[in-house]
Amino acid sequence: MRLPALALTVALSAALVASPAPAVPAQAGFDPAGYVDPLIGSARDGTTWPGAVRPFGMISWSPTSTRGDQTSTGAANGYQYDVTRVRGFSLTHLSGAGCNPGAAGDVPILPFAGAVDSSPTADTADAKYATNFRHENETARPGRYTVTLDSGVKTDLAVTTRAGVGEFTFPADQAANLLFRTSNSLNGSEDAEITIDPAHRTVTGSVLTGAFCGRRANGGVNNRKTYYRLYFTASFDQPIVANGTWKDSTLAPGSTHTTGGEGYATGADRAGRGSGGFVTFAPGSAVRMRLGISYVSLAGAEQNLRAELRPNATVDKVAADGYAAWQHELNAIKVSGGTDAQRTTFYTALYHTLLQPNVFNDVDGRYLGSDQKIHRLARGQKAQYGTFSGWDQYRAHIQLLALLKPDVAGDYAQSMYQFAQQNKGIWDRWLHNNGATHVMTGDPAAPTLATFVAMGVRNFDTRGAFDSLVRQARVQNADAENDGGCPGQCTGQRPALNTYLAKHYAPQDACHCWGGAAETLENSLADYSLAQWGSRIGAGVADLEDRGSWWKNTFDPAVGYQRARKADGTWQDGFSPSTDVGFAQGTTSTYTWMVPQDVSGLASLMGGNAPAVQRLDTFFHDADGNWAVKGGSPLRYDPTNEPGLHAPWLYNGLGAPWKTQATTREIVDTVYGTGPSGLPGNDDLGTLSAWYIFAAIGLFPQTQGRAELLVGSPLFPKVEVRRSNGVRLTVEAPATSDANQYVQGLTLNGQARSESWLPESFVTRGGRITAQMGAAASNWGSPPVDH
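The rules we used
Residues numbered from 1 in each chain as written. Predicted model: local features only at pLDDT ≥ 70, side-chain atom pairs only at ≥ 80, totals over all residues. Heavy atoms only, no water. Buried < 20%, exposed > 50% of the residue type's maximum accessible area, 1.4 Å probe, protein only. Helix = DSSP H or I, 4+ residues; strand = E, 2+ residues; numbered from the N terminus. Arc of directions from axis to C-beta. Contact = heavy atoms within 4.5 Å. Polar contact = N/O pair within 3.5 Å; in protein donor to acceptor, adjacent residues only side chain to side chain. Pairing = 2+ DSSP bridges. Axes fitted to C-alpha atoms, helices over the stretch in contact; angles between N-to-C directions. Left-handed = near helix turned anticlockwise from the far one by under 90°. Nonpolar A, V, L, I, M, F, W, Y, C, P; charged D, E, K, R; others polar. Disulfide = S-S within 2.5 Å. Salt bridge = Lys/Arg side-chain N within 4 Å of Asp/Glu carboxyl O. pLDDT = per-residue confidence, 0-100. Core = buried A, V, L, I, M, F, W, Y, C linked by side-chain atoms within 4.5 Å.

> How should helix α1 (residues 298-308) be read in this particular structure?
Three- or four-residue spacings in an α-helix give side chains the same orientation, since the helix completes a turn every 3.6 residues. When we look at burial in α1, the residues that qualify are G300, A301, N304 and L305. End-on view of α1: buried residues confined to an arc of 140 degrees, all on one side of the axis. The exposed residues of α1 that point more than 90 degrees off its buried face are R306 and A307. Structurally, α1 contributes buried residues whose contacts are with β8 (163-169), β12 (226-236) and β17 (286-294).

Here is the structure:
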């Protein structure tokens, strides 16, 4: 997902891209975490951040930057490489969400050297209560973030899943303070509170907030709403020598309690509002702070802290444990060979895919539901996970999650089902934590869970979830006719369902959706996925099987493209291949290919496989035949956004797999890389990174709701995938290189295989493939792939 109208576009020099790769050998016993560079994606609108976090962690402690506006930030999600001024280190983040300022960024804590003699909230331009830093004084590695600010304060952070420890070393000649900006979440807050207990050296508080992408023009005030309260508790190893609070422009030295939110507006409508508190230590202090968080209660935060951090925990110890946790998770895929740069790109991408979903329950199993009530984990459920960037993630990320961590995928599915049950049975297409944001289009929960099932995920209520999703696909809910939040955050799970069922397409002028043609394509794929799922459990799905082909009803044979269609059956005026009318964050040139479930059917409408291949060639090349895979043209492939991510793999379905091999290798080599600009666009909770992982392995999911894998061009001579359920997959391509990028032949478990795809059993039971690679395109795998 990206939001062009609000996206922050920054041109960075080529020098920014360079980043030294860790010198770690690629032999047995190598350290995958040593290749991770958390700064990758922090430029070129990758919207990642470099702070301390554990795999799937609840807490993510990272900078909140500023460009001189306290009601905004330097970039989406709090960090961008070219912004080197911070106003705090916040406790929660989303990775790669594509709007500015993004979401979360709760409770920025600023180590401040100097006198606190005015309200930080009154410092609306972040002129006083913020400080600069230089990247040469910054270090980021899995589980730890360290920076020495220009003020002379060294900040060193490490975390567990729900808690963290920070060590702050202050200069000897100035007052040493920690400022808790409790109300200053990235999108503002409805309320906040803080309590300081100098005698016991503690600070506690909370912020009541939400408002995902609250400044989106197309969402309006519809998404400026509250859906969670984050609680925190902090304690210090040094005595508090002074303290105070502030509310709006008033500073109250000596005060120990205050409340007050900022609202969800922006600029002058919010500037100067809010509350917080500060604690002061002796000049030159080295202060260690232990901190826990919870979305349930203050008692929950305290319990999480006790359970996960020992009283004498240090940054070094917690960071070492966190690094070991990352080593364990990253060892789910072991690559052999390749260059240092390739391994850095690969393992950082894998790192980014394991940042979410996020653990949302306390250590006692309680969590905040979408109904704002406290619930407990279901029987057998190990974790409740929050946040689902559905429209983005179902294109690549959820398949990688199911492949590597089927146990997490099952708990994630159960979590989504429980959130839906608490939300009148409605599955929202974009959850932030527990909150329904309605962002984007389609019904992505359906293909997500159907894909989980196909890939062998079983540890959730599969029948209950299936019945719930099918009911939403067949019975119109009360929000289906609601235009609130449209076009970007339309309320209904299946907008205007009765109209859709009557017309067999989503009319552009009566769909209550972002775009009628896009909605038709999304629904067709969702229904196809549900039909695949239903056929596995013996459910009646004939209607859903038929609805999986309704994408044909918005394909205009006169122009050869998908096209917005009106309720009276006529086509939308003003068509061109670059039109985005009827589509969501894309043009018809991209969306026309969004039929992974019926490639042969699409090719037939284009005149056959050969004409379809020729058209696909023009999608990836300019008029002169040069590669055009970096984006920028509405007529060609865009690697920065999700609707076309599967398109390079469609050649397999058209009987030309060597073109898939060449195209994916070109994208892997030229679009992704090391350094802050190493991602082509916002990562969307690991989706672009997941695409890269699949392409580098040389495999990609054929279509949602199924588990077959398409074969591409393996980047590494050997890749071993270790699923958390014990299944092992091995991909060997001993001769692979940029020169030898074409598959000449392939064996599966020692048997020659002529098909350019692998069966479901390869995923569910494991196996070994060996690809013979060469410098020339071959006709291996030329039989077309069909569903």
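> Quick question: what am I supposed to make of the side chain of T73 here?
Turning to its location among the elements, T73 is positioned in the loop between β2 (60-65) and β3 (85-90). Judged by relative accessible area, T73 falls into the buried class, the value being 5%. One polar contact links the side chain of T73 to the main-chain carbonyl oxygen of S65, over a distance of 2.9 Å. Setting aside residues no more than four positions away along its own chain, T73 makes contact with T64, S65, T66, G78, N100, P101 and L186.

> How should I be thinking about the sheet that holds strand β23 (residues 388-389) in this particular structure?
Judged by pairing direction, the sheet is antiparallel, and its 3 strands sit side by side in the order β23-β24-β25 without closing on themselves. Strands with a single pairing partner mark the edges of an open sheet, and in this sheet they are β23 and β25 (435-436). Bridge count between strand β24 (residues 430-432) and β25: 2 bridges; the pairing is antiparallel. Note on β25: the bridge partner recorded for H432 is G435.

> How should I be thinking about the packing of helix α7 (residues 445-454) against helix α10 (residues 516-537) in this particular structure?
Helix packing for two helices is described by the angle between their axes and how far apart those axes are. At their nearest, the axes of α7 and α10 sit 8 Å apart, and the two run at 35 degrees to each other. Judged by the twist between their axes, the crossing of α7 over α10 is left-handed. Residue-level inspection shows A446, P447, L449, A450, V453 and A454 of α7 in contact with α10, the latter providing A526, S529, L530, W533 and R536. Among the residues making up the contact of α7 with α10, the classes are represented as 9 nonpolar, 1 polar and 1 charged.

> Sorry, what's going on with the state of the cysteines here?
Evaluation of the coordinates by the stated rule reveals 2 disulfides. Residue C511 pairs covalently with C513 via a disulfide, S to S 2.1 Å. Disulfide C511-C513: torsion about the S-S bond near -90 degrees, hence left-handed. C513 carries the same exposure label as C511, and that label is buried.

> Sorry, what's going on with the pairing of strand β9 (residues 176-180) here?
Put simply, side chains in a regular strand alternate between the two faces of the sheet. Counting buried residues in β9 gives 5 out of 5 residues, a clear majority hidden from the surface. By the alternation rule, side chains of β9 split into A176, L178 and F180 and N177 and L179, which are all buried. Inspection of the sheet shows β9 paired to strand β16 (residues 275-281) by 5 bridges, in the antiparallel sense. The residue bridging L179 from the neighbouring strand is F278, located in β16.

> Even after reading the chapter, I still don't get the pattern of salt bridges, so can you show me in this structure?
Oppositely charged side chains can pair when the atoms bearing their charge come close. Tallying each qualifying case throughout the model produces 26 salt bridges. One salt bridge in this structure joins R87 and D126, with 3.1 Å as the shortest N-O distance. Linking R87 in strand β3 with D126 in the loop between β4 (109-113) and β5 (131-141), this pair joins segments that are 39 residues apart in sequence. For R87, a relative accessible area of 0% translates into the label buried. D738 is the partner of R665 in a salt bridge, and the nearest nitrogen-oxygen pair spans 2.9 Å. Here D738 lies in the loop between β31 (728-732) and β32 (742-748) and R665 lies in helix α16 (residues 657-670), a separation of 73 residues in the sequence. The class for R665 is buried, based on a relative accessible area of 3%. One salt-bridge network, held together by shared partners, links D443, R494, D527 and R547.

> Quick question: what am I supposed to make of the packing of helix α6 (residues 406-421) against α7 here?
Close contact between α6 and α7 brings their axes to 10 Å; oriented N to C, the two are set at 145 degrees. Helix-helix and strand crossings are classified by hand; for α6 and α7 the assignment is left-handed. Contacts between α6 and α7 pair A409, Y412, A413 and M416 from the former with A445, L449 and F452 from the latter. Of the residues contributing to the contact of α6 with α7, the split by class is 7 nonpolar, no polar and no charged.

> What is the right way to read the environment of T250 from this model?
If you trace the backbone, T250 turns up in strand β14 (residues 250-253). Residues T250 and A122, spaced 128 residues apart in sequence, show a C-alpha to C-alpha distance of 8.0 Å. Dropping the residues within four chain positions of it, T250 is found in contact with S119 and T245.

> Would you take a moment to explain the confidence of the model for the chain for this structure?
Across the chain, the average pLDDT comes to 94, with 95% of residues at 70 or higher. Residue range residues 3-27 is modelled with pLDDT below 50. Its contacts to residues more than four positions away, or to other chains, number 50 contacts.

> What should I look at first to understand the nonpolar core in this one?
Within soluble globular proteins, side chains that are nonpolar generally end up buried alongside one another. Counting residues in hydrophobic clusters, the biggest one holds 197 residues, and the most contacted among them are F180, F236 and W691. Excluding its chain neighbours within four sequence positions, the residues that come into contact with W691 are A396, Y637, L645, P648, W649, T664, I667, V668, Y672 and F700. Counting 9 residues, the second largest nonpolar core, distinct from the first, contains L305, L309, A313 and V315.

> Help me understand unusual backbone geometry in this model?
Glycine aside, the phi torsion of most residues is negative, and most peptide linkages are trans. Following N100, the chain continues to P101 via a peptide bond in cis, the omega torsion being 15 degrees. Omega for the peptide link from C486 to P487 comes to 10 degrees, which places this bond in the cis form. With respect to the secondary-structure elements, P487 resides in the loop between α8 (462-474) and α9 (497-503). Positive phi, close to 55 degrees, is recorded for T47, a residue that is not glycine. Examined against the element boundaries, T47 turns out to sit in the segment before β1 (52-53).

> Can you help me understand the sheet that holds β32 in this one?
Strands in a sheet are paired, the pairing made by backbone hydrogen bonds, and the direction either parallel or antiparallel. With mixed pairing, 6 strands are arranged side by side in an open sheet as β18-β30-β31-β35-β32-β33. At either margin of the open sheet sits one strand with a lone partner, and together these are β18 (333-336) and β33 (751-752). Bridging between β18 and strand β30 (residues 718-722) involves 4 bridges; their strand directions are antiparallel. Counted as the bridge partner of S336 is K718 from β30.

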